[in-house]
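# Fold and contact review
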Amino acid sequence: MSNYHIKHLEEYYQVYRKSVRNPEGFWEEIAEEHFIWRKKWDKVLEWDFSKPEIKWFQGAKLNITENCIDRHLATRGDKTAILFEPNNPDEPSEHITYKDLYHRVNKFANVLKENGIQKGDRVCIYVPMIPELAIATLACARIGAIHSVVFAGFSATALSTRINDSDCKMVITADGSYRGKKTIDLKGIVDEALENCSSVKTVLVTKRINSDISMKEGRDKWLQPLLDNASNQCKAEIMDAEDPLFILYTSGSTGKPKGMVHTTAGYMVYTAYTFKNAFQYRENDVYWCTADIGWITGHSYIVYGPLANGATTVLFEGVPSYPDFGRFWQIIEKHKVNQFYTAPTAIRALAKQGTELVDNYDLSSLKVLGSVGEPINEEAWHWYNDNVGKKKSPIIDTWWQTETGGIMITPIPYVTPTKPTYATLPFIGIQPALIDENGEELKGNQVDGRLCIKFPWPSIARTIWGNHERYKDTYFSAFENMYFTGDGALRDEVGYYRITGRVDDVIIVSGHNLGTAPIEDAINEHPAVAESAIVGFPHDIKGSALYGYITLKDVGESRNHQNLSHEINQLIADRIGPIAKLDKIQFTLGLPKTRSGKIMRRILRKIASNEMENLGDVSTLLNPECVQNIIDNRL
Ligand code: WTA
């Protein structure tokens with residue numbers, strides 16, 4: 001097990017040096033020793049960031065589900081693979097063993113085949129956090145279909161955009177979902193979305209809330225009877241290393257969402273290796289990541305990374321506040337969770353409740369605490385460390401992205417000394433660089449700049465579905481021969497990294513990436529709206545929240561601003577989803593613009609954040625007079 005489990009800081013540096021001196025040799029050794037292959041590769045790596053083209057383990061043949069399931073059967077057949085914890089604490093949890101998982105994935109895979117799905121077809125999965133979500137993704141992978149999981153909190157419009165972008169042939173969904181006290185009519189949302197999706201031939205519906213829904217003749221089928229009749233054996237499709245495994249959409253600063261394409265072998269190797277080391281996972285540990293499988297964190301660190309290591313991974317259907325704000329702590333106690341991975345926004349919301357609830361539960365099983373999705377502020381870091389980890393469990397602040405597939409910068413627990421708000425050191429094999437405005441790499445420590453990565457790692461996304469040009473423009477054109485992350489970062493005196501936030505027009509609200517352009521497009525659809533600009537501003541719980549500046553077509557618009565705000569937020573919820581609603585809406589007479597007519601978001605951002613003292617020179621604007629007016633009417 002050389003290099004597989006890093007045990008101390010000296011070893012980290014040693015392995016790190018080896019991984020950057022000879023990346024091919026390093027990853028080849030990991031791939032050789034820890035996975036099963038139907039055929040080994042001909043070449044470990046071929047890459048050219050100028051095209052961009054990246055290929056890992058070319059020529060290798062494998063199926064990721066044989067690595068995540070089949071190979072564990074001999075030694076871990078009766079071990080729990082997925083531990084399902086339902087929304088309602090009174091409903092029993094479900095232990096799905098590796099053997100059960102094998103049978104359930106095979107049955108599902110056979111149902112997909114019987115319904116016309118073949119290797120390379122795209123299947124949209126719009127399912128809440130229940131076992132079928134993980135099983136459906138694995139079933140696609142079993143037969144080589146490309147899954148596109150869409151977070152089941154997205155609206156019908158957002159869903160149809162994603163289905164159409166990759167021409168999905170099938171949608172897998174549920175009759176509805178539970179979310180705390182509420183139920184959500186998922187099938188209704190799917191029906192609405194499919195009014196605009198001609199590529200979808202079949203909809204498979206799993207029962208969760210037993211609601212009365214309508215089934216469209218010839219298109220919609222209940223899943224359970226099909227599963228009951230399917231064989232529990234399904235041969236794994238043999239895939240090429242570089243065959244797409246899945247598409248996952250992420251927001252861009254402009255235009256429609258980007259369907260990031262991840263391929264098979266490199267993704268598997270990197271997520272498995274990072275899972276093992278970043279969480280210091282040991283056999284028989286119970287690991288819990290609270291993300292939704294609809295996001296990359298769930299793909300890599302609920303499903304693929306843990307299962308590739310034969311781990312027990314908790315899948316939680318509910319929310320942190322139901323039936324009360326002690327729910328997370330109750331689950332940790334109940335299942336004796338060892339590694340707990342959540343988002344700063346959840347920590348802040350829980351911290352607001354005080355310490356009484358968290359003190360009520362026995363959290364002594366915890367060994368590692370993780371954070372992901374946005375910068376963790378100092379206060380939240382200490383609250384997490386003191387009250388959840390009791391100062392004994394290291395916090396790993398893991399920085400990464402949908403595009404990177406796996407964790408990129410993180411402390412290794414019990415190995416890297418942590419520092420609040422710092423993601424600390426690059427993971428093995430990762431070569432970060434900070435770049436100044438002139439495109440020069442900043443050498444040495446105590447510098448800050450744009451965060452780029454100089455060398456490919458196995459799980460980097462290979463393209464944007466259907467739009468390789470956009471992939472190149474977004475990630476490889478800002479700086480020559482570098483992957484540009486869109487984030488800013490600083491490197492302190494010992495070489496630790498701290499992520500300072502996005503440097504583009506993506507705003508991270510409660511850990512969700514939101515592009516400003518699609519939100520503005522939604523707002524501009526309102527008949528009364530002339531123009532709008534969205535910026536982020538600091539928010540206690542969400543990290544950032546959205547502030548919208550809106551000008552109306554008719555300045556004398558007689559309608560009540562409150563009603564208008566409500567309608568605008570409803571429109572955003574319909575077009576994108578409730579997560580993109582604006583916290584503040586200011587109706588203004590004008591938006592500050594450059595002489596070439598570009599909206600100066602920088603100024604609007606400062607005003608929204610109450611930083612009026614350093615607005616900079618506004619005199620060169622086309623309409624400087626509007627700035628004072630906006631300040632005077634600030635919310
Ligand atoms: C931000 C989530 C600071 C960052 C895995 C990144 C973070 C974007 C951290 C990607 C962190 C993620 N500290 N910022 N530990 N983790 N981010 O694609 O801006 O949903 O570019 O992937 O979230 O979000 P995504």
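In this text the structure is predicted, and so the values were computed from the model without any measurement.

### Some thoughts on the site of the ligand
Asp 397, Thr 398, Thr 402, Asp 487 and Arg 502 are the nearest of the 17 residues found near the ligand. Here Thr 398 contributes a backbone N or O atom positioned 2.8 Å from a nitrogen atom of the ligand. Separating an oxygen atom of the ligand from a side-chain N or O atom of Asp 487 is a distance of 2.6 Å. With the chains in place, 96% of the 530 Å² that the ligand exposes on its own is no longer accessible. Mapped onto the shell around the ligand, the elements with two or more residues apiece are α11 (296-308), β20 (395-398) and β25 (497-502). The residue inventory of the shell around the ligand, partitioned by class, reads seven nonpolar, six polar and four charged.

### Brief notes about the domain arrangement of the protein
Domain boundaries in the protein define domain 1 (9-489) and domain 2 (510-632). Between domain 1 and domain 2, the residue contacts involve 19 residues of the former and 20 residues of the latter. Taken together, the two surfaces of domain 1 and domain 2 that pack against each other cover about 1300 Å², and 53% of this comes from carbon and sulfur. When the buried surface of domain 1 facing domain 2 is broken down by residue, Ser 251, Thr 345 and Arg 348 rank first, second and third, together holding 27% of it. Between domain 1 and domain 2 we count zero salt bridges in total. The interface formed by domain 1 and domain 2 contains nine residue pairs in polar contact (both at pLDDT 80 or more). Going through the elements one at a time, α7 (156-165) and α13 (344-351) are the ones with two or more residues in the side of domain 1 that touches domain 2. Class assignment of the residues belonging to the side of domain 1 that touches domain 2 gives a composition of five nonpolar, eleven polar and three charged.

### Some points on the sheet that holds strand β22 (residues 447-453)
Ordered in space as β21-β22-β24-β25, the four strands form an open sheet in which the pairing is antiparallel. Both outer strands of the open sheet, β21 (432-435) and β25, are each paired with one neighbouring strand and no more. Strand-to-strand twist of the sheet, defined as the mean angle between neighbouring strand axes without regard to direction, takes the value 45 degrees.

### Topic: the sheet that holds strand β12 (residues 220-222)
Strands in a sheet are paired, the pairing made by backbone hydrogen bonds, and the direction either parallel or antiparallel. Taken in spatial order, the eight strands of this open sheet run β12-β11-β8-β6-β7-β14-β15-β23, and their pairing is mixed. Of all the strands in the sheet, the pair left with one neighbour each is β12 and β23 (463-464). Judged from the two bridges that link them, strand β7 (residues 146-149) and strand β14 (residues 244-250) form a sheet pairing that is parallel. Of the residues in β14, the one forming a bridge with Ser 148 is Ile 247. Sheet contacts for helix α6 (residues 131-143): β6 (122-126), β7, β8 (170-174), β11 (202-206) and β14; angle to β6, the most-contacted strand, approximately 175 degrees.

### Details of the pairing of strand β24 (residues 483-491)
Buried residues dominate β24, accounting for eight of its nine residues. With six bridges joining them, β22 and β24 adopt antiparallel strand pairing. Among the inter-strand pairings, Gly 449 is bridged to a residue of β24, identified as Ala 489. Of the strand pairs in this sheet, β24 and β25 are connected by five bridges, and their pairing is antiparallel. Counted as the bridge partner of Arg 491 is Tyr 497 from β25. Hairpin geometry of β24 and β25 is characterised by an intervening segment of five residues between the two adjacent antiparallel strands and by a positive phi of about 95 degrees at Gly 495.

### As for the pattern of salt bridges
For the coordinates displayed, the defined rule picks out 42 salt bridges. The salt bridge partner of Lys 187 is Asp 220, with a shortest N-O separation of 2.7 Å. Linking Lys 187 in helix α8 (residues 186-194) with Asp 220 in strand β12, this pair joins segments that are 33 residues apart in sequence. For Arg 462, the salt bridge is made with Glu 242, and the minimal N-O distance between the two is 2.9 Å. In this pair, Arg 462 is assigned in the loop between β22 and β23 and Glu 242 in the loop between β13 (239-240) and β14, connecting sequence segments 220 residues apart. Across the pair, Glu 242 and Arg 462 agree in class, each one buried. Through salt bridges with shared partners, a single network forms among Lys 187, Asp 191, Arg 219 and Asp 220.

### Some thoughts on the packing of α6 against α11
With their axes 10 Å apart at the nearest point, α6 and α11 run at an angle of 65 degrees to one another. Along the contact surface, α6 presents Ala 134, Thr 137, Leu 138 and Ala 141, while α11 presents Val 303, Tyr 304 and Leu 307. Of the residues assigned to the contact of α6 with α11, the class counts are six nonpolar, one polar and no charged.

### Looking at the pairing of β7
What you see with β7 is no split at all: Ile 146 and Ser 148 on one side and His 147 and Val 149 on the other are buried throughout. As defined by bridge partners, β6 adjoins β7 across four bridges and the pair is classed as parallel. Considered in β7, the bridge of Cys 124 is made with Ser 148. Considered for its hand, the β-α-β crossover made up of β6, α6 and β7 is right-handed.

### Structural notes on the packing of aromatic side chains
Under the defined criterion, the tally for this structure stands at 47 aromatic pairs. With a centroid separation of 5.5 Å and an interplanar angle of 85 degrees, the aromatic rings of Trp 27 and Tyr 273 are classed as edge-to-face. In this pair, Trp 27 is assigned in helix α2 (residues 23-34) and Tyr 273 in helix α10 (residues 264-278), connecting sequence segments 246 residues apart. Since its relative accessible area comes to 1%, Trp 27 is described here as buried. Through a chain of ring-to-ring contacts, three or more aromatic side chains come together here, namely Trp 47, Phe 49, Phe 455, Trp 457, Tyr 471, Tyr 475, Phe 476 and Tyr 483. Positioned over the ring face of Trp 222 is Lys 207, at 4.5 Å from the centre of the ring.

### Some points on the packing of α2 against α10
Close contact between α2 and α10 brings their axes to 10 Å; oriented N to C, the two are set at 85 degrees. Taken together, the axes of α2 and α10 lie roughly perpendicular to each other. Residue-level contacts link Phe 26, Trp 27, Ile 30 and Ala 31 of α2 to Val 269, Tyr 270 and Tyr 273 of α10. Per-class residue counts for the contact of α2 with α10 are seven nonpolar, no polar and no charged.

### What about the side chain of Ser 371?
Mapped onto the secondary structure, Ser 371 falls in strand β19 (residues 368-372). Those residues in contact with Ser 371, other than ones at most four positions away along the chain, are Tyr 341, Thr 342, Pro 344, Ile 376, Ile 396, Asp 397 and Thr 398.

### As for helix α20 (residues 625-632)
Considered for burial, the residues of α20 that qualify are Cys 626, Val 627, Ile 630 and Ile 631. Along the long axis of α20, the arc covered by the buried residues comes to 140 degrees, so they all point the same way. Seen from the open side of α20, the exposed residues pointing more than 90 degrees away from its buried face are Glu 625 and Asp 632. Lining the buried residues of α20 we find β29 (543-552), β30 (584-587) and α19 (601-608).

Conventions adopted
Residues numbered from 1 in each chain as written. Predicted model: local features only at pLDDT ≥ 70, side-chain atom pairs only at ≥ 80, totals over all residues. Heavy atoms only, no water. Near = heavy atom within 4 Å. Polar contact = N/O pair within 3.5 Å; in protein donor to acceptor, adjacent residues only side chain to side chain. Areas by Shrake-Rupley, 256 points an atom, 1.4 Å probe, with all protein chains shown as cover. Helix = DSSP H or I, 4+ residues; strand = E, 2+ residues; numbered from the N terminus. Nonpolar A, V, L, I, M, F, W, Y, C, P; charged D, E, K, R; others polar. Domains from an automatic or database assignment. Contact = heavy atoms within 4.5 Å. Buried area = accessible area lost by both parts, 1.4 Å probe. Salt bridge = Lys/Arg side-chain N within 4 Å of Asp/Glu carboxyl O. Pairing = 2+ DSSP bridges. Axes fitted to C-alpha atoms, helices over the stretch in contact; angles between N-to-C directions. Buried < 20%, exposed > 50% of the residue type's maximum accessible area, 1.4 Å probe, protein only. Right-handed = clockwise from strand over helix to strand, strands pointing away. Phe/Tyr/Trp six-rings, centres within 6.5 Å; stacked < 30°, edge-to-face > 60°. Lys NZ or Arg CZ within 6 Å of the ring centre and 35° of its normal. Parallel < 35°, antiparallel > 145°, perpendicular 65-115°, else oblique. Arc of directions from axis to C-beta.

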